[in-house]
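# Coordinate inspection notes
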Amino acid sequence: EKKECPLCSQMIMPELFKGHEEICPRKPIVCKYCENTWAQVEYAKHAEACGARTKPCLICHKNIMLKDFDEHSSRC
């Protein structure tokens, strides 16, 4: 008998349930920029926008996009 995924409500065969947990579109993912949790299906769009936010570099004082901050810091 199928089991219901608690995240997306999809009915899954028991033998496929473990694999579904990894690919479930509602699987929670923590954003590496803001540390908020997003559903896998929404994460890519969120991370693109969130990573485009800026913060000032403590060395050169330029505003650097969060997605580029680690690389910038290593060569600034």
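Above this text you will find the structure in question.
Overview of the structure. Every chain is numbered on its own, with residues counted from 1 as its sequence reads. Only residues with pLDDT of at least 70 are given local features in this predicted model, and only at 80 or more are side-chain atom pairs given and counted; all residues enter the totals for whole chains, interfaces and linings. Computation of side-chain values: all heavy atoms of the structure, hydrogens and water removed.

## Quick notes on the overall build of the protein chain
Note the following rule: A run of H or I in DSSP counts as a helix once it spans at least four residues, and a run of E counts as a strand once it spans at least two, with each numbered from the N terminus. For the radius of gyration, the atom set is restricted to C-alpha positions; the globular benchmark scales as 2.2 Å times the number of residues to the power 0.38.
Along the backbone of the protein chain there are 3 helices and 6 strands. When the helices and strands of the protein chain are listed from N to C terminus, the series reads β-β-α-β-β-α-β-β-α. Radius of gyration (C-alpha) of the protein chain: 18 Å, far over the 11 Å computed for a compact globule of 76 residues. For the protein chain, the spread of C-alpha atoms along the three principal axes comes to 60 × 20 × 15 Å.

## Section: the side chain of H20
Quick note on the threshold: Only heavy atoms matter for contacts: two residues are in contact if any of them lie within 4.5 Å across the pair.
Inspection of the secondary structure assignment puts H20 in helix 1 (residues 14-23). H20 has contacts with C5, C8, Q10, I12 and P25, leaving out every residue within four places of it along the chain.

## Quick look at the pattern of salt bridges
Rules: A pairing counts as a salt bridge when a side-chain nitrogen of Lys or Arg comes within 4 Å of a carboxyl oxygen of Asp or Glu. Accessibility here uses a 1.4 Å probe with only protein chains present; expressed as a share of the type maximum, an area under 20% marks a residue as buried, one over 50% as exposed, and anything in between as partly exposed.
Tallied over the full model, the rule gives 3 salt bridges. Taking the shortest distance from any N to any O, the salt bridge between R75 and E71 comes out at 3.6 Å. Of this pair, R75 and E71 both sit in helix 3 (residues 69-75), 4 residues apart, which is roughly one turn of the helix. Residue R75 is classed as exposed on the basis of its relative accessible area of 60%.

## Let's talk about the environment of M11
With respect to the element layout, M11 can be found in strand 2 (residues 11-12). Taking relative accessible area as the criterion, M11 reaches 44% and is therefore assigned partly exposed. Through-space distance from the C-alpha of M11 to that of E1 is 9.3 Å; in sequence the pair is 10 residues apart. Those residues in contact with M11, other than ones at most four positions away along the chain, are K2, K3 and E4.

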